[in-house]
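# Residue-level structure breakdown
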Amino acid sequence: QAQLVESGGGLVQAGHSLRLSCAASVRSYSNLRMAWFRQAPGKEREFVARIKWVSGDTAYADSVKGRFIIAKDNGQNMVFLQMNSLKLEDTAVYYCAAGYFDNDYEYWGQGTQVTVSS
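Residues numbered from 1 in each chain as written. Predicted model: local features only at pLDDT ≥ 70, side-chain atom pairs only at ≥ 80, totals over all residues. Heavy atoms only, no water.

What follows concerns the sheet that holds strand β8 (residues 78–83). Read across the sheet, 4 strands follow the order β1-β3-β8-β7 without closing on themselves; strand pairing throughout is antiparallel. Among the strands making up the open sheet, the edge pair consists of β1 (3–7) and β7 (68–73). With strand direction ignored, the average angle separating the axes of adjacent strands in the sheet is 15°. With 6 bridges connecting them, β7 and β8 associate as antiparallel partners. Looking across to β8, one finds that D73 is bridged to M78. (Pairing = 2+ DSSP bridges. Helix = DSSP H or I, 4+ residues; strand = E, 2+ residues; numbered from the N terminus. Axes fitted to C-alpha atoms, helices over the stretch in contact; angles between N-to-C directions.)

Shown next, in the form of structure tokens:
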């Protein structure tokens, strides 16, 4: 049993910020990795950021490094993506994902749309 539910997407102007949330209910939180991916129109899904649930270790795609921050709240079983200095190319559907090994995400949320305007 697992459920991931994203929220917080919307329309935002370039240069501004937006915070996405993901409520996670998974089979186990030990060794859990949670990540954000995104998919822009006409493009393949791409990795954005990852956080390890226990250690808090983070990893980012080069395209968002220095602008986005992935964070978690273990007490609420939630993961967040703070998106700063948004660019037009950040426009995409953002998905929350969970798994137990890097590059092996077995649980996915429904996605939330982020649209960046000029």
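Here the narrative resumes.
Attention shifts here to the environment of S85. The residue S85 is located in the loop between β8 and β9 (92–101) in this model. Its relative accessible area of 40% is what places S85 among the partly exposed residues. As for S85 and G66, which are separated by 19 residues in sequence, their C-alpha atoms are 9.4 Å apart. Discounting residues that sit within four places of it in the chain, S85 has contacts with G15, H16, S17, R67 and D90. (Buried < 20%, exposed > 50% of the residue type's maximum accessible area, 1.4 Å probe, protein only. Contact = heavy atoms within 4.5 Å.)

To continue, consider the packing of aromatic side chains. If you walk through the whole model with that rule in mind, you get 4 aromatic pairs. Taken together, a centroid distance of 5.8 Å and an interplanar angle of 40° make the contact between Y29 and W53 tilted. Here W53 lies in the loop between β5 (46–52) and β6 (58–60) and Y29 lies in the loop between β3 (18–25) and β4 (33–39), a separation of 24 residues in the sequence. Look at Y29 and you get partly exposed, because its relative accessible area is 24%. Under the relative-accessibility criterion, W53 is labelled buried at 4%. Ring geometry for F37 and F47: centres 5.7 Å apart, planes at 75°, overall edge-to-face. One end of the pair, F37, is in strand β4; the other, F47, is in strand β5, and 10 residues separate them in sequence. (Phe/Tyr/Trp six-rings, centres within 6.5 Å; stacked < 30°, edge-to-face > 60°.)

Right, let's get into the pattern of salt bridges. This structure, assessed with the given rule, holds 6 salt bridges. Of the charged contacts, one joins R27 and E106 as a salt bridge, the two residues approaching to 3.5 Å between their closest N and O atoms. Here R27 is found in the loop between β3 and β4, whereas its partner E106 is found in strand β10 (residues 104–108), with 79 residues between them in sequence. A relative accessible area of 41% places E106 in the partly exposed class. (Salt bridge = Lys/Arg side-chain N within 4 Å of Asp/Glu carboxyl O.)

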